[in-house]
Amino acid sequence: MLVEGIKSRPVYRGLTIQPRARRHIFALEGEGAHALLDRKTELDETARSRSEILYLGRGSQGKGHDEALRKLGADMFFTAPTIATLLFRLKGTLATAHMGTRLYIAGTEGFIGQAMIVALDNGMDHASIITEHRGSLARRVQCVHCKGITEDVTHSPFACSHCSLPLLVRDHYSRRLGAFQGVNVDAEEPGSAPDPEELFL
Amino acid sequence: MAIAFKQETFRDDFSYRNSPENIRRFPFPFDRDEYMYSVNMEPHVKGQKGTVFESLIDVDEHYIAEMHDRALVLKEDPLRYQALPHMMTAQWDTLELLMEEQAAGYPEHFTLIRNGDQWRWINRPLGIDDTFTFGDRATLPYEPLEYITRQAQGDFCIVDQRDGNLWMDAGMVTTQADWSLDFDIGMNFMEWHGPVPLAHQMGVFERALKFLLNLQQGKPTRRFNWTMTINPRLDTSPENYPKWGPDRATVTPENVGDKVHLRVEVQTLWRLPRSNAILFVIRCYLMNMNELVTVPKWARRFPRVLRTLPPELIDYKGLTRYRETTMDWLSKYDDGAPTSPGTFPD
Ligand code: HEM
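The rules behind these values
- Residues numbered from 1 in each chain as written.
- Chains lettered and ligands numbered in written order.
- Predicted model: local features only at pLDDT ≥ 70, side-chain atom pairs only at ≥ 80, totals over all residues.
- Heavy atoms only, no water.
- Helix = DSSP H or I, 4+ residues; strand = E, 2+ residues; numbered from the N terminus.
- Rg over C-alpha atoms; globule rule 2.2 N^0.38 Å.
- Contact = heavy atoms within 4.5 Å.
- Areas by Shrake-Rupley, 256 points an atom, 1.4 Å probe, with all protein chains shown as cover.
- Lys, Arg positive; Asp, Glu negative; His and termini not counted.
- Charge placed at Lys NZ, Arg CZ, Asp CG, Glu CD.
- Domains from an automatic or database assignment.
- Buried area = accessible area lost by both parts, 1.4 Å probe.
- Salt bridge = Lys/Arg side-chain N within 4 Å of Asp/Glu carboxyl O.
- Polar contact = N/O pair within 3.5 Å; in protein donor to acceptor, adjacent residues only side chain to side chain.

### A look at the overall build of chain A
Looking only at helices and strands, chain A features five helices and twelve strands. Here the C-alpha atoms of chain A give a radius of gyration of 18 Å, agreeing with the 17 Å that 2.2 N^0.38 yields for 201 residues. Principal axes of the C-alpha set define a box for chain A whose edges measure 60 × 35 × 30 Å. Put simply, 67% of the contacts in chain A that link residues at least 6 apart link residues at least 24 apart. Summed over its atoms, the accessible surface of chain A is roughly 9,400 Å², and 51% of this surface lies on carbon and sulfur atoms. Here chain A contributes 24 positive and 24 negative side-chain charges, whose respective centroids are spaced 9 Å apart.

So, in structure tokens, the structure goes:
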């Protein structure tokens, strides 16, 4: 479970297939494949013929679910080698999407955040997008000082991958950036940073 | 009466000080000897002469220096000003409001001449005399919100109202108490207040939001907020925390009077006429402890407030390193006598 009570963090309600949608787009990362596979009985013939699955076989356990997903028999199935290539494809798909299209995103929080940004940039309303968190709790963090983003942060504090300041990972999340906030942990007394703790596995 | 504007700095040599008259009009925020969060809102109406409520948009002796500091911040970090595209009408609403109020309150310093949509704005302290077409952004050197907030003291957020919530969709934020517009832009009322301790559980934000959703045009409202800052630094942004954070470790019993500042925000909220958005003005006032103790009532009350502060607030406001030292220093001015109700000096 994710830490409860962070007001600015989105709530990931879980994948439920919307039977009336005219098109279903699934953006899945790593363990996010299970979010759909666990509900394959909800995907009837009609829904499958209206589905497009975009899958990235990375994620916390690095296990590929390509075959299981392919067997679902969706209208379109695409596997991407990296997040960037998956997002590029998603952009293209959404640019030509019609009314009545539903977007489902499942995977790590950092992946959901980035796919969400693509959707928001395409004019989708965040409340209409269906999300499920699966896989590691690693956080995507923006350094509030240099604005650089570090992916897959499991420890706090950690060294910013851009400016290398030791950053405390705060429980404050920006949907627009798809990231948590990182703040210099030893600003008041440089050199006094505590040892990193593994908090987000 | 013309204001005598000061030449001073909010960085490097920190030459900012308050004149004795400005200390008397300082908006001391505590009406009793203790403090806790509450839905502390009251109508924003004009108050007595010699208070910061003499005009609804307050201009004081620090105006020119503050505008200079804002310009320096924006040169380093232009993202302190941001506005989402759908906020253009609200930007013009804000420009109108700030020009009207500054001209009404300080006719010797500001003049607005409206002739249909041809407007002429004269800002004497900053040496500005511009003619533009209201509603046509190409006729101003900046977007309307940036243009006018480079000429008005305080930070400014415009919040859009939709789906029963308020959304922070534009702002000019260069004098903030440790929060980032760049990070918070696009968030709703509960989201941007996420980091505040205790108040969510107390229902403060739920009630405040309900109140604001019903805010009426022509009936602005106000509240106080406060924290403390080491050195008279306006830009205590999270972006620049590595620059100002070390100051917190420099407080000693010898330098409390000069270094430790009470930082008060008079926050006013205005419903805007065309956009139905709300303008949130965060007007920041700084006063060091030497200045504060020149008013005996405040000298007695402030250490008592600091003593009663819940630990969560001490931590959130970043007072941990210097609160004890400051209380000790202030306690020599507190003879234990009772204080009168209300915020004003006796
Ligand atoms: C639309 C108007 C408002 C805006 C834009 C706004 C914005 C903010 C922001 C950005 C913070 C800093 C949060 C952080 O730590 O990151 C804050 C703090 C806070 N706000 Fe608001 N706020 C608004 C209205 C209100 C109202 C009406 C209340 C009434 C109860 C309120 C109560 C508070 C409190 C208690 C804090 C904590 C301050 C401290 O202890 O220093 N706010 N606000």
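This is not the end of the story, as more comes after the structure.
### Some remarks on the domain arrangement of chain A
Often, the extent of an interface is quoted as the loss of accessible area upon association of its parts. Residue and element names in this part refer to chain A. According to the domain assignment, chain A contains domain 1 (23-133) and domain 2 (139-198). On a C-alpha basis, the centroid separation for the pair domain 1 and domain 2 is 29 Å. In this complex, domain 1 contributes eight residues to the contact, which on the side of domain 2 involves nine residues. Where domain 1 abuts domain 2, roughly 680 Å² becomes buried across the two surfaces, and 54% of that area is made up of carbon and sulfur atoms. A per-residue breakdown of the area domain 1 buries against domain 2 is headed by Glu109, Gln114 and Ile117, which together make up 49% of the total. The interface formed by domain 1 and domain 2 includes zero salt bridges. Summed over the shared surface of domain 1 and domain 2, the result is one residue pair in polar contact (both at pLDDT 80 or more).

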